Every structure is written in structure tokens, then in C-alpha cells.
Amino acid sequence: MSRAARFVLPLVVVLGLMAWIASLVANSVTRRWFEKDVQVRAHGAFAVSRQAVIHHWRSGRRQAVGRIFEGMAHDRLFLAVAACSRDGTPVARSPRTPAQLTCRKLATMAGVPRPADEAAWRAWTRAVAVHEGNVDLTILPLRDRGQTLGMVAFVHDMSFAAEREAATESFYLAAFAILALAAAGFTVLVGTLSERRWITQVRGLLRGDPVDGAAGFGPIVRDFRELVARVQAEAESAGGAGAWTPERLRQLVGRHLSGEKIIIVANREPYIHERGAGGEIEVLHPASGLVTALEPIMRACSGVWVGHGSGSADRETADSQGRVAVPPGEESYAIRRVWLGPDEERGYYEGFANEGLWPLCHIAHTRPIFRGEDWMHYQRVNRKFAAAACAEATSDEPIVFVQDYHFALVPRLVRAREPRATVLAFWHIPWPNSEHFGICPLRYEIMEGLLGSSILGFQTQLHCNNFLDAVDRYMEARIDRERQAVVYQGRVTLVRPYPISVEWPIRWVQAVPSVDECRREVLGELGLPPDAILGLGVDRLDYTKGIEERLRAVERLLERFPALRGRFTFVQIAAPSRTPIERYRELRRQVEALAASINARFGSGSWHPVVLRCEHHEPPRVFRHYRAADLCYVSSLHDGMNLVAKEFVAARDDERGVLILSHFTGAARELTEALVVNPYDLEQASAALAAAIAMPADEQAERMRSMRAFLADFNVYRWAGRILVDAARLRQRYRFSSSALERASVR
Ligand code: F6P
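(A) Layout of the overall build of the protein. Along the backbone of the protein there are 25 helices and 23 strands. Here the C-alpha coordinates of the protein stretch approximately 100 × 80 × 50 Å along the principal axes. Counting every position in the protein, which comprises 747 residues, the buried fraction comes to 52%. Accessible surface computed for the protein: about 33,700 Å², of which carbon and sulfur atoms make up 55%. The distance from the centre of the 94 positive side-chain charges to the centre of the 86 negative ones in the protein is 4 Å.

Rendered as C-alpha cells:
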């Protein structure tokens, strides 16, 4: 046998053995994960439908219970769902429930074989997991008001786990085989090379020392380093390890974007200086989801926020350039205020942005209005903001982050002034389907403006798809579906979903007292007793928010459940918004009239079921209400994300309170443990209000905990991190391609 073979054979055998052991270990670990996953899934499904099951069970409607189970069993992971009462009689079974799974057998598995054994049934509170070959069972006690009605069993088909284990095994064996061969080959090669004293020469090549006039491996090593950096960036964008914090975001900007400052362009400024009635200057925080999300990013990264100077004392608090350092008292970034004349404000903001694009993009039954004059102002103001953003650039590769429908033209305008800029744009509101978007007479110009950006972000994949369809339908551009990009006039714009979020932990929670204190305070202000049940709505007074539907659901609740009259109060905080627009003034009249009619119908003595507060509330007051409420109802008719829902969850560190959430918000895709409703369906919405009021504390905690864990993970730092990492990758790609072009032209 040759020297090489004597070495290589044992190496291959040892690595093969290691591969086999590794695949065994990996399989047992992943099997445990899969088992845990299906149990969590069963708990989730159980928690969502528990109330409905109890309701039908108690009213003897077994078929209705059966229908719920049938719906659940459509999930690929559940083979079947069945329920038995305590005395061993089947209550309902989904179609594929195995016949041998009798109620008696289930009770024995759960450890409660005898119906008369009251103590055993009472003591059974936790789910029981049973593994039988390719089938797992999760058996849960069905408890209601301290009584155990029976049990619900989820049967999981684990054959998918077996398939995945087989795939993992083959993968390990193949990977180790390749590794073994590569290791053997490499070792033999190195041995041979070192024998011939080539090592020194190879080292020189790797360092890039020229050999016989050639460049050596230096460029390859550089490429390799860049590749590693890219892989790192990709891992970072996927979430990486650990929590996303301001510090991590700051480091990311330092590492991947050479500490470049970020220039945000957003209409609404984060701090508004207003002169109060007594002549003093107040600093206001606007009621804006966009500001809630982006302000913490600016605190973390620093930079400049180019926004409309809309406060009555804004000019006197800014310098001659319109600049002011913020946050007051902890200055870490600057606002650059852009001044608008009354005509510009009317045409650009009220007219084109809020009477045109806003209703165009929301399915909320208000017709968009497009006036030629408004469009002229919109273009002019976009040019003004683009110029202000470029004036803030301190390098020839600035990062300009354009926000929302107010500035659809800014990306292209910035690109024209700063061709090497990284222009990011984020559309906070929905993007309608292409047919609907076709209503807009300026559709081409709007899309062309946005395609000046390097990356265009939306809240959901659906909105990205709608945008791509609109480009496909109305523009001469190429859609690269694989990269999710548009190639227009030789330039590429990536189109990606980045669901926005809130900071975590949210700073306002630290600024307010304990939950008990908040509750005492808010109930005291409302003149309600300590055991009052408090519902809450928090919005800008906008027709997309479904405030009328929400109040009607409260009315229906009081009709259906007379016992709640005098006990349940719904507080609606509605910040006046866009008041010069007639549709908004009309909405206020309608909401006030509706609240008054509900109060006249059900109110008695000093109790009013609806408390409507049409005024601006500063964040600490809003957060006191979040913490005091038993439930929060977000009933938007259409909403890109809705950060009120996320703020409510972030405010509840006591893990209490129930979120009722409209199906038509971006947030409903993420906060799945909320009670998700169709706000137009008053029967469903009022039933959800009733379910929230009756929800036991442990179920509230379970749902809240899960939503809070989600937000801790997917916070706004992660949102910004993902966009900025994608931006860094593009910058790097651009540099490579431009340096390659330069090299080519030198030759
Ligand atoms: O995305 C919707 C939005 O324009 C956000 O900027 C913000 O959340 C809200 O509406 C505020 O509206 P406005 O700035 O018109 O008061």
C-alpha cells in the first residue's frame, strides 16, 4: 500500500464514523425540537379556539365543536383533533381521527382513567405529550371557571419528522464524505508540497507577492475576505445571534457603512416646538406611527432628519439653516426643518398627499381627489426636500432614507443630484392592487420617482407584489422576479418587505408608573370604580381607522350583553388630524354624533359607555391608558402596519390585557395571538369584545407573553438593521462593479 493510501484510508474511516455519530445526535436533537414545535402549535391552536369550544360545548352544540376541529385539522401538522367529556363520551372528532383512539384510551394516557376521580381531574392542569411511532399526541384538559369539562387531544402526524431525519442523515453522510476526501487530498498535497519546500513560495503567493511578474493570490485573498464580510452581513440581516439593540445597530452602521450618517426625509418632524397660550414654548411629540418607529433609530445612529417645520415656534428654535439639535436635553441628532408656504402646505400635504394618495392607497371608501394645482405643489415641495437632503450630505456616497407617500419623487431627484448616493425608500401605507392604482393620473410619475431608490421597502409581501404588478402594467421596465427587483433605465431597485416595529424595550414604559398606579389614576379621572372594565382605542382621527365601526361594536356588545351595562366603559383617544380637510372634519362630526347616541341609549346616571377624547395626548398619557385598560381594540379598515397594536403589547409588562386586532392591518400577520376580527362584522367584533372581557388571566398572560417575545425579537432596530445591511451589500456590489469597470477601462 502506498504511503498516501496508508494515511488516507484510516482518515476516511474515522470521518465516516464521526458522520454517523453526528447524524444520530442531530436526529435526536431535531426530533425533540419537532416534538416541542408541534406541542407549541397545539397549545396555540387550543388557545385561539378555547373560548369558542367552551361556548358550544356548554350549549350542547357538538357539531359546532366538530366544525372547529375540522378547521384545525386542515393544518398539515394535525392529523386529527378530538374531544371527550369527563365521563368518557366522545364530544367531537375531526374526520381523520384514528378509530382506535377511544376516549377511554385517551383518559388513561392523560392519567385520569376514572370520571369519578374528582381529585385527579382537578389536579390535571398541564398538557400530556405521548409519542407512538410516527404519531404524537398532545392531550389538554379543557377547563372553564375552575371546572374541568373534559379533554381535547391533538394527534400529530410526525412522518414529516422522519422524512426530515432521513434527509439530514443523507446530508451528513454526503457532507462528511466530501470533507473526508477534501481533507485527505489536501493533506497529501501539503505533505508533498512541503517536502519540495514549496510552502514558502505558496505563502508568498497568498500574501500577493509577485511571482515571475504575475500578481500572486493577493486579489483572491481580498475577494475571500470580502466574501466573509458579505456572509457576515447576510447573517446579520437574517437576525444574527442575540437581541437587536441601539448599540448593535450603531455598530452595524460603523462596520458595514463606514459610520456614514443617515439622512432621513420624512414630512412629520419628531419634535414640534409650539408656543403655548401663556407664551411659553412646548415640545410636542406628534401622533404618528412613523415617528414612533424612526425616532429611536435616529437616537441610535445619529444623523439628520429633514422634515416639515410645522410648529408655531419652530422657526425661532432653529438656526438660520432650519437646524435644531434634538432630543431636547439629550441631543444626539439634528432636525433640518424645511419651511412651506400656506399654498404649498395646502397643495402638497392636504391636497395631493392626503386627498389624493392617502385614499388611493387605503381601501376605506373615500374617493381620491387629484387636482392639477396640488400636483404642481407636490412636485415643488419634493424638489425642496430633495435639495435639503442633498445639502446635508457630507460625502459623495450619502445614505438618504426617504419616508412614505409624501415624497414619492424624492428618490429620483436625489439620485439625479448625487448619483453615488444610496437611496432607500419606505412606503409606510398599503400599496393597492394595480387596477386600483391605475386610478391615479400621475401613476407613471409616482412609480418613476420611487424607482430612483436603491431599495424600496413595503410593510408586507402583498404590497411588494402589488407594486411590481403596477410597474409591469404601466411602465416600460423589466421585473426581475428572482431578485425581486425592477430594472428601469439600466438601474436596479430592489423591492422588499420590511415589516416595521417599535423600539424594545419601549422608552415610554419607563416614564410611567406601575400598572396598578396607572389603573387607579385613569379610573379615578373617569370617575369609575376600581372593578370597572375598561376598553381602549387610540388613533389619529382618520377614516381608515374604523373608529365608527369600533363604537358600533361597543353598542352591539351592550345590546347583546345587558349585564355589561354600567360595568364596561370604552375610552376612545382620537388625536385630531389633517383638520383643514373637509372629509376629516366630517368624520369628527360623525364620530361625536355616534358616541353621543350610544351614550344616550345606554348611559345612566354618571356612567357613559363611550368616553370620546378628541385631543392630542402626549405619549406618557397614552401609555398610562394602555397600562390601565383591560382590552385595546384596533379596528382599522386598512392599515400598512398599525403601531398602536404593538405599543399596547409593549406597554403590558404585567402580561395582562387583551388585544383585539383588525384583520386588515399589517400587524395582524405578526401578532397572531391577538383576537383577530373583521371590523365590519359587528357580530364577530362584539363577540371578540365579550371574549376579551371574559378571558381568564392565564390565557391573557399566555397570549401577551407570546406577542411580547415576538416584539422583543422583531423590534425596530432589527427592521432598520435589515434595511441597512441590504444597503451595505448594494454599496459593496456597486463598488466592486465600478472598480472592475475602472480596471477594464485602464487596460
Ligand atoms: O404612514 C402613515 C402616516 O403618514 C405616518 O406618517 C404617520 O403615522 C401618520 O400617517 C401621521 O399622519 P400626519 O403626518 O398626516 O399627521
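(B) Local environment of the state of the cysteines. Under the criterion given, the structure shown has one disulfide. Through a disulfide, Cys84 is tied to Cys103; the S-S separation comes to 2.2 Å. Torsion about the S-S bond of the Cys84 and Cys103 cystine: about -85 degrees, corresponding to left-handed handedness. Remark: Cys103 occurs in helix H3 (residues 103–110) and Cys84 occurs in strand E1 (residues 78–85); sequence separation between them is 19 residues.

(C) Representation of the site of the ligand in the model. Inspection of the region around the ligand gives 13 residues, with Arg268, Gly289, Tyr349, Asp404 and Arg578 positioned closest. Gly289 is positioned with one of its backbone polar atoms (N or O) 2.8 Å from an oxygen atom of the ligand. For the ligand, an oxygen atom lies 2.8 Å from a polar atom in the side chain of Arg578. Burial of the ligand by the surrounding chains reaches 89%, relative to a free accessible area of 380 Å².

(D) Geometry of the environment of Glu521. By secondary structure assignment, the location of Glu521 is in helix H18 (residues 515–526). Once residues within four sequence positions are removed from consideration, Glu521 is found in contact with Pro513 and Arg624.

(E) Region of the structure containing the nonpolar core. Counting 177 residues, the largest nonpolar core has Trp431, Ile446, Phe467, Val486, Leu659 and Trp719 as its most contacted members. The element contributing the most residues to this core is helix H25 (residues 716–746), with 10 residues. Taken domain by domain, the makeup of this core includes at least three residues from each of domain 2 (252–497) and domain 3 (521–714). If we skip the residues at most four places from it in the chain, Val486 touches Leu451, Phe467, Leu468, Val471, Ala477, Arg478, Ile479, Arg491, Val492, Thr493 and Val495. In this structure, Cys84, Leu101, Ala107 and Met109 belong to the second largest nonpolar core, which totals 20 residues.

(F) Expanded view of the domain arrangement of the protein. Per the domain assignment, the segments making up the protein are domain 1 (2–161), domain 2 (252–497) and domain 3 (521–714). Computed from C-alpha atoms alone, the centre-to-centre distance between domain 1 and domain 3 is 36 Å. Facing the five residues of domain 1 at the interface are five residues of domain 3. Together, the buried faces of domain 1 and domain 3 total about 420 Å²; carbon and sulfur atoms form 46% of this surface. Along the contact surface separating domain 1 from domain 3 lie one salt bridge. A salt bridge links Arg50 to Glu699; its shortest N-O distance comes to 3.0 Å. For the pair domain 1 and domain 3, the interface holds two residue pairs in polar contact (both at pLDDT 80 or more). A per-class count over the side of domain 1 that touches domain 3 returns two nonpolar, two polar and one charged.

(G) Expanded view of the packing of aromatic side chains. This model, assessed by the stated rule, comprises 21 aromatic pairs. The interplanar angle of 90 degrees and the centroid separation of 5.1 Å between the aromatic rings of Phe623 and Tyr626 together place this pair among those described as edge-to-face. Remark: Tyr626 and Phe623 occur in helix H21 (residues 619–628); sequence separation between them is three residues, near one turn of the helix. You can call Phe623 buried: its relative accessible area is 1%. Ring-pair connections join several aromatic residues into one group, and the members of that group are Tyr348, Phe352, Phe370, Trp375, Tyr378, Phe385 and Phe407.

(H) The packing of helix H11 (residues 342–361) against helix H12 (residues 372–391), seen in detail. At a closest axis distance of 8 Å, the pairing of H11 and H12 adopts a crossing angle of 110 degrees. Classed by the angle they form, the pair H11 and H12 counts as roughly perpendicular. Residues Asp343, Glu344, Arg346, Gly347, Tyr348, Gly351, Phe352 and Leu357 of H11 form the contact with H12, whose own contacting residues are Asp374, Trp375, His377, Tyr378, Arg380, Val381, Asn382 and Lys384.

(I) Molecular detail of the side chain of Thr422. Take Thr422: it is sitting in strand E13 (residues 422–426). Sequence-distant contacts of Thr422, defined by excluding residues within four places in its chain, comprise Pro398, Ile399, Val400, Ser454, Ala727 and Arg731.

(J) Spotlight on helix H16 (residues 461–474). Taking 1.5 Å per residue, 14 residues should reach 20 Å; H16 reaches 20 Å between its end C-alpha atoms and fits that length. Among the residues making up H16, those that are buried are His463, Cys464, Asn466, Phe467, Leu468, Ala470 and Val471. Contacts from the buried residues of H16 go to helix H14 (434–437), helix H15 (443–450), strand E14 (455–458), strand E15 (478–480), strand E16 (485–488) and strand E17 (491–497).

(K) Highlighting the environment of Gly535. With respect to the helices and strands, the residue Gly535 is situated in strand E18 (residues 533–540). Between the C-alpha atoms of Gly535 and Arg567, which are 32 residues apart in sequence, the distance is 11 Å. Ignoring anything within four residues of it in the chain, the contact list for Gly535 reads Phe568, Thr569, Phe570, Val571 and Leu631.

(L) Here's a closer look at the pattern of salt bridges. Applying the stated criterion across every chain, the model contains 53 salt bridges. A salt bridge links Glu118 to Arg86; its shortest N-O distance comes to 3.0 Å. Taken together, the positions of Glu118 in helix H4 (residues 118–123) and Arg86 in the loop between E1 and strand E2 (90–93) put the pair 32 residues apart, joining distant regions of the chain. Between Lys261 and Glu392 there is a salt bridge whose closest N-O contact spans 3.9 Å. With Lys261 in the loop between helix H8 (246–256) and strand E6 (262–268) and Glu392 in the loop between H12 and strand E12 (399–403), this pair connects stretches of sequence that are 131 residues apart. Judged by its relative accessible area of 5%, Glu392 is buried. Bridged by salt links that share partners, the residues Glu555, Arg556, Glu559, Arg560, Arg601 and Glu683 form one connected network.

(M) Spotlight on the sheet that holds E2. Taken in spatial order, the five strands make up an open sheet running E2-E1-E5-E4-E3, and their pairing is antiparallel. The strands lining the two open edges of the sheet, one partner per strand, are E2 and strand E3 (128–132). Strand-to-strand twist in this sheet, taken as the mean axis angle between neighbours without regard to direction, amounts to 20 degrees. Across three bridges, E1 lies against E2 in antiparallel orientation. Bridged to Ala83 within E2 is Ala92. Sheet contacts for helix H2 (residues 62–72): E1, E2 and strand E5 (147–157); angle to E2, the most-contacted strand, approximately 40 degrees.

(N) Structural context of the sheet that holds E18. Pairing in this open sheet of six strands is parallel, and the strands run E20-E19-E18-E21-E22-E23 from one edge to the other. Two strands bound the open sheet, and with one partner strand each, they are strand E20 (610–613) and strand E23 (675–677). Shown here is a sheet whose adjacent strand axes are inclined to one another by a mean of 20 degrees, direction ignored. As paired elements, strand E21 (residues 631–634) and strand E22 (residues 658–662) share four bridges and run parallel to each other. In the strand pairing of E22, Val634 is matched with Leu661.

(O) Local environment of H12. Relative to the 28 Å expected for 20 residues at 1.5 Å per residue, H12 spans 29 Å between its end C-alpha atoms, a close match to the ideal helical length. The complete set of buried residues in H12 reads Asp374, Trp375, His377, Tyr378, Val381, Asn382, Phe385, Ala386, Ala388, Ala389 and Cys390.

Cut-offs and rules
- Residues numbered from 1 in each chain as written.
- Predicted model: local features only at pLDDT ≥ 70, side-chain atom pairs only at ≥ 80, totals over all residues.
- Heavy atoms only, no water.
- Helix = DSSP H or I, 4+ residues; strand = E, 2+ residues; numbered from the N terminus.
- Buried < 20%, exposed > 50% of the residue type's maximum accessible area, 1.4 Å probe, protein only.
- Areas by Shrake-Rupley, 256 points an atom, 1.4 Å probe, with all protein chains shown as cover.
- Lys, Arg positive; Asp, Glu negative; His and termini not counted.
- Charge placed at Lys NZ, Arg CZ, Asp CG, Glu CD.
- Disulfide = S-S within 2.5 Å.
- Near = heavy atom within 4 Å.
- Polar contact = N/O pair within 3.5 Å; in protein donor to acceptor, adjacent residues only side chain to side chain.
- Contact = heavy atoms within 4.5 Å.
- Core = buried A, V, L, I, M, F, W, Y, C linked by side-chain atoms within 4.5 Å.
- Domains from an automatic or database assignment.
- Buried area = accessible area lost by both parts, 1.4 Å probe.
- Salt bridge = Lys/Arg side-chain N within 4 Å of Asp/Glu carboxyl O.
- Nonpolar A, V, L, I, M, F, W, Y, C, P; charged D, E, K, R; others polar.
- Phe/Tyr/Trp six-rings, centres within 6.5 Å; stacked < 30°, edge-to-face > 60°.
- Axes fitted to C-alpha atoms, helices over the stretch in contact; angles between N-to-C directions.
- Parallel < 35°, antiparallel > 145°, perpendicular 65-115°, else oblique.
- Expected span 1.5 Å × (residues − 1).
- Pairing = 2+ DSSP bridges.

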